[in-house]
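# Remarks on the overall topology
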Amino acid sequence: MSKVLKASTGLTGLAVCHNPHHVLSVLYGKIQRALTKMPSDAAYRKYTEKIVTERANLVNSTKDIPALEKAIGCGQVEELIVQAENELILARKMLGWKPWESLVKPAPAKQWDWPPAQIKEPQL
C-alpha cells in the first residue's frame, strides 16, 4: 500500500484517509454482497455490479493512490469512499424497495408520456 502523500484533501469536512485501499475494498465487498441478493436480471444490479467490480479490480491492482484516482476518474480516494458509502446505503434500500417486482396495481394510462398533457408547449 502507498503512504499518504497529502496533509489535506482540500475539501471542507473531508479528512484524509490513511488506508484508502482497505476501506474501499471493504466497501466494494459489502456492495457486491448486497447486489448478489438481487435478481441477476435487475437493471440496478447489472449496472452497479459492473461499476463496482471494475473499481474493486483497480483498487486491488493499483497501489499508487494518485494512479488509482486517475484510473477511476471520479475524484480523490476520499471522495470515492463517500461515493461507495452512499452506494452501499442505496443498495441496501433497494433490497427493501424491490423495484424489480411487478407493480401492485397497473400504472395510470399515459403516466410515462412526456410532456404531460396538462403542460402545453410555449408558442413562439
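Nothing here was measured: the structure is a model prediction, and the numbers come from that model.

Helix and strand content of the protein: 4 helices and 0 strands. Along the protein, helices (α) and strands (β) appear in the sequence α-α-α-α when read from the amino end. Residues counted as buried form 30% of the 124 residues belonging to the protein. Contacts in the protein between residues far apart in sequence, at least 24 positions, make up 61% of those at least 6 positions apart. Accessible surface, the protein as shown: approximately 8900 Å² in total, 58% of it carbon and sulfur.

Interhelical geometry of helix α3 (residues 65–72) versus helix α4 (residues 77–97) gives an angle of 55° and a closest axis separation of 10 Å. In terms of axis orientation, α3 runs oblique to α4. Judged by residue contacts, I65, L68, E69 and I72 of α3 engage V77, E78 and L80 from α4. Partitioning the contact of α3 with α4 into residue classes produces 5 nonpolar, no polar and 2 charged.

With a phi angle near 50°, K98 is a residue other than glycine that sits in the positive phi range. Positive phi values are uncommon outside glycine, yet K110 reaches one of about 65°. Using a relative accessible area of 69% as the deciding quantity, one classes K110 as exposed.

Attention shifts here to the side chain of T62. One can find T62 in the loop between α2 (43–61) and α3. For T62, the contacting residues outside a window of four places in its chain are H21, A67 and L68.

Take α2 next. An ideal rise of 1.5 Å per residue puts 27 Å on 19 residues; α2 measures up with 27 Å between its terminal C-alpha atoms. Three or more residues of α2 are buried, namely Y44, R45, T48, V52, R55, A56 and V59. Looking at the buried positions of α2, the neighbouring elements they touch are α1 (20–36), α3 and α4.

What follows covers the side chain of E69. Examined against the element boundaries, E69 turns out to sit in helix α3. In this view, E69 contacts K6, C74, G75, Q76, V77 and E78; residues no more than four positions away in its chain are not counted.

Following the criterion strictly, the structure yields 4 salt bridges and no others. A salt bridge links R45 to E49; its shortest N-O distance comes to 3.4 Å. One end of the pair, R45, and the other, E49, are both in helix α2, 4 residues apart, so they sit about a helical turn from each other. Using a relative accessible area of 13% as the deciding quantity, one classes R45 as buried. Taking the relative accessible area as the measure of exposure, E49 reaches 25% and is therefore partly exposed. Here E54 ties to K50 by a salt bridge, and the two come within 3.2 Å at their closest N and O atoms. In this pair, E54 and K50 both sit in helix α2, 4 residues apart, roughly one turn of the helix. We classify E54 as partly exposed; its relative accessible area is 42%.

Conventions and cut-offs
Residues numbered from 1 in each chain as written. Predicted model: local features only at pLDDT ≥ 70, side-chain atom pairs only at ≥ 80, totals over all residues. Heavy atoms only, no water. Helix = DSSP H or I, 4+ residues; strand = E, 2+ residues; numbered from the N terminus. Buried < 20%, exposed > 50% of the residue type's maximum accessible area, 1.4 Å probe, protein only. Contact = heavy atoms within 4.5 Å. Areas by Shrake-Rupley, 256 points an atom, 1.4 Å probe, with all protein chains shown as cover. Axes fitted to C-alpha atoms, helices over the stretch in contact; angles between N-to-C directions. Parallel < 35°, antiparallel > 145°, perpendicular 65-115°, else oblique. Nonpolar A, V, L, I, M, F, W, Y, C, P; charged D, E, K, R; others polar. Expected span 1.5 Å × (residues − 1). Salt bridge = Lys/Arg side-chain N within 4 Å of Asp/Glu carboxyl O.

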